Amino acid sequence: MPALYRLAYEGRLAPGFAVIGISRTAMSDDEFRNRMHDSVAKFLEDSPFDEDLWRSFAQGLTYLAGDVGDAASYQKVSAALEKIAQERKTDGNVLFYLSTQPSQYAEIAEGLGKAGLAKGTGWRRIIIEKPFGHDLVSAQELDRRIVAHFEEEQIYRIDHYLGKETVQNIMAFRFGNGIFEPLWNRRYIDHVQITAAESIGVEGRGAYYQEAGALRDMIQNHLLQVMATIAMEPSATFSSDSVRDERSKLLRSVHTMKPEEVAENAVAGQYGPGRVGGQAVVGFRQEQGVNPESMTNTYAAATFLVDNWRWAGVPFYIRTGKYLPKRVSEIAIHFKSAPLAVFGQANEGEPMAPNLLILRIQPEEGISLKFVSKRPGAGMTLRPVSMDFNYGASFGERSPSAYETLLLDAIVGDATLYTRQDMVEASWRAVQPILDAWSAQKFPFSNYAAGTWGPEAADVMLARRGHVWRTP
Ligand code: BG6
């Protein structure tokens, strides 16, 4: 709702734009509007809340109580849509947005289909929130049930990382500039580290999170999509299908681990009690709704290899976790060292640092290139320095939130930043061997204190290939 309000603020929604909120709770239109008013005013991040604008926006908000399992509810939706189409001249265009428990997606799609709502006088589209399935088989089953009623072109599987400005900028950086692409391969790149560290815990979502875990919650979707954007081939055009074809191809080239490869290439962690931002916090097993013997990972790290000519042998290390020391998401491209150490150990006794390119997704969005430079003065002493681009400073304007971008894209029918079923399945295939191995494993949890950078085993995983995690 804050994203929709913000789109209205920017004047990007048609005047007849309307929302029907649906849930089980009985509520009048006005009660719904008041609740939305209070939430939007509270959660709107970076723009003033304009009461006048809200009043006109809220005229388009209505509410309907219904239940996903009740056929009559879909008939009520149908009648409400017809009424709105006439009153607000929407041409019958409808975007269904499923922000429910994942286990209800299929049933709702079927309910809409059976009520004849998947087709109409205008366009009909459906947004499915993540997670799309909880493993490969369930993702295939979910898709089978949705495509029985909606065509692939109507289905928008959301992954909000793809809507982040900085993730989109990876494509601009790689394919809008001539100088990086020639270096973007196994010849010059030693390895890549993708980090999504969160300083928050499970924030009252213990019950959901306990079923999901970090590998499913972040790596299977967000971080593998980021990896695909970093590693995909340039697409011939910027059309939705060309870009998605390349992302999909990359995901399908991710090496599928054999069961015996999992132990060396994946690390699970779970936080214990600790201190975050100066506050004492409880361990995951003490969180509300969490089983005191839970084997859920709140930290996951994995080494992925890509079986293609560009990337063969280059490890992509991915890590994510709750209650890490700070909130930061970044991609660090570690280049190979210069072929000859002509300056020896001139870097004040330290080995010469190889070049590093950091693409920072959040916060302080930007790009930095690290290289060595001569220190002023006599002698040839070198020191790493940094060339920085900062989004905020360069553009001096606000970036839209991922949900603004994605909701508007779905409204205009642009699916470039949405995932397609083949991509969803390819990323489940990449993590499935890890899920399988972990499901049978008893971990000595907790294995990292809240507020630290995760379990030691993650350092050992990189050390096997002679690498060290960067501290962002
Ligand atoms: C969500 C996960 O998809 O992404 C959350 O379910 C996580 O657990 C969130 O906190 C992270 O998103 P962002 O945009 O804050 O990096």
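Note that this is a predicted model, so its numbers are computed, not measured.

**Some words on the site of the ligand**
Moving on, step 1. Around the ligand sit K130, H160, Y161, K164, E198, R205, D217, M218, H222, K322, R327 and Q362, and those are all the residues in its vicinity.
Moving on, step 2. One of the side-chain nitrogen or oxygen atoms of Y161 is found 2.5 Å away from an oxygen atom of the ligand.
Moving on, step 3. Here an oxygen atom of the ligand and a side-chain polar atom of Q362 are 2.7 Å apart.
Moving on, step 4. Contact with the protein chains covers 81% of the free accessible surface of the ligand, which is 400 Å².
Moving on, step 5. The dominant element in the shell around the ligand, judged by the number of residues it contributes, is helix 9 (residues 214-231), at three residues.
Moving on, step 6. Taken together, the residues of the shell around the ligand break down into two nonpolar, three polar and seven charged.

**Looking at the packing of aromatic side chains**
What describes a pair of aromatic rings is the distance from one ring centre to the other and the angle between the planes of the rings.
Moving on, step 1. Under the criterion given, the structure shown has 22 aromatic pairs.
Moving on, step 2. With a centroid separation of 6.5 Å and 40 degrees between ring planes, the pair formed by Y5 and Y9 is classed as tilted. Here Y9 and Y5 lie together in helix 1 (residues 2-9), a separation of four residues that amounts to about one turn.
Moving on, step 3. The exposure class assigned to Y5 is buried, which follows from its relative accessible area of 0%.

**Let's talk about the environment of L53**
Moving on, step 1. If you trace the backbone, L53 turns up in helix 3 (residues 51-58).
Moving on, step 2. Distance from L53 to A8, taken between C-alpha atoms, is 8.0 Å for residues 45 residues apart in sequence.
Moving on, step 3. Not counting residues within four places of it along the chain, the set of residues in contact with L53 comprises Y5, A8 and Y9.

**Overview of the pairing of strand 7 (residues 266-269)**
Moving on, step 1. Covered by surrounding structure in strand 7 are A266 and A268 together with V267 and G269, the residues of both alternating faces.
Moving on, step 2. Note: strand 7 against strand 11 (residues 299-304), four bridges, orientation antiparallel. The residue bridging A266 from the neighbouring strand is A302, located in strand 11.

**Remarks on the domain arrangement of the protein chain**
Moving on, step 1. On domain assignment, one finds that the protein chain holds domain 1 (2-158) and domain 2 (162-463).
Moving on, step 2. When each unit is reduced to the centre of its C-alpha atoms, the spacing between domain 1 and domain 2 is 31 Å.
Moving on, step 3. Across the contact, 29 residues belong to domain 1 and 29 residues belong to domain 2.
Moving on, step 4. Across the domain 1/domain 2 interface, buried area totals approximately 2500 Å², and carbon plus sulfur atoms make up 63% of it.

**Some words on the side chain of S248**
Moving on, step 1. Its place among the elements puts S248 in helix 10 (residues 240-253).
Moving on, step 2. Its relative accessible area of 0% is what places S248 among the buried residues.
Moving on, step 3. Discounting residues that sit within four places of it in the chain, S248 has contacts with R420, D422 and M423.

**Some words on the pattern of salt bridges**
Close approach of charged atoms allows side chains of opposite charge to pair.
Moving on, step 1. One pass over the full model with this rule turns up 24 salt bridges.
Moving on, step 2. One salt bridge connects E10 with R6, and the closest N-O pair in it is separated by 2.4 Å.
Moving on, step 3. We classify E10 as partly exposed; its relative accessible area is 39%.
Moving on, step 4. A salt bridge links E404 to R398; the nearest nitrogen and oxygen atoms lie 2.6 Å apart.
Moving on, step 5. Taking relative accessible area as the criterion, E404 reaches 5% and is therefore assigned buried.

**Describing helix 1**
Moving on, step 1. In terms of burial, helix 1 is a largely internal element, six of the eight residues being buried.
Moving on, step 2. Every buried residue belonging to helix 1 is among A3, L4, Y5, R6, L7 and A8, and all of these are buried.
Moving on, step 3. Looking at the buried positions of helix 1, the neighbouring elements they touch are strand 1 (19-23), helix 2 (29-43), helix 3 and helix 13 (402-412).
Moving on, step 4. One or two steps after helix 1, the chain reaches G11, where phi turns positive at roughly 70 degrees.

**Looking at the sheet that holds strand 6 (residues 189-197)**
Moving on, step 1. Pairing is mixed across the open sheet formed by eight strands, whose spatial order is 7-11-12-6-13-14-15-16. Lying at the two open borders of the sheet, with one neighbouring strand each, are strand 7 and strand 16 (382-390). Taking the axes of each pair of neighbouring strands and ignoring which way they run, one obtains an average angle of 15 degrees across the sheet.
Moving on, step 2. Lying on the sheet, helix 7 (residues 165-175) is in contact with strand 13 (328-335), strand 14 (356-362), strand 15 (366-374) and strand 16; it crosses strand 14 at an angle near 145 degrees.
Moving on, step 3. Contacting strand 6, strand 7, strand 11 and strand 12 (316-321), helix 15 (residues 456-463) runs over the sheet at an angle of about 10 degrees to strand 11.

About the thresholds
Residues numbered from 1 in each chain as written. Predicted model: local features only at pLDDT ≥ 70, side-chain atom pairs only at ≥ 80, totals over all residues. Heavy atoms only, no water. Near = heavy atom within 4 Å. Polar contact = N/O pair within 3.5 Å; in protein donor to acceptor, adjacent residues only side chain to side chain. Areas by Shrake-Rupley, 256 points an atom, 1.4 Å probe, with all protein chains shown as cover. Helix = DSSP H or I, 4+ residues; strand = E, 2+ residues; numbered from the N terminus. Nonpolar A, V, L, I, M, F, W, Y, C, P; charged D, E, K, R; others polar. Phe/Tyr/Trp six-rings, centres within 6.5 Å; stacked < 30°, edge-to-face > 60°. Buried < 20%, exposed > 50% of the residue type's maximum accessible area, 1.4 Å probe, protein only. Contact = heavy atoms within 4.5 Å. Pairing = 2+ DSSP bridges. Domains from an automatic or database assignment. Buried area = accessible area lost by both parts, 1.4 Å probe. Salt bridge = Lys/Arg side-chain N within 4 Å of Asp/Glu carboxyl O. Axes fitted to C-alpha atoms, helices over the stretch in contact; angles between N-to-C directions.

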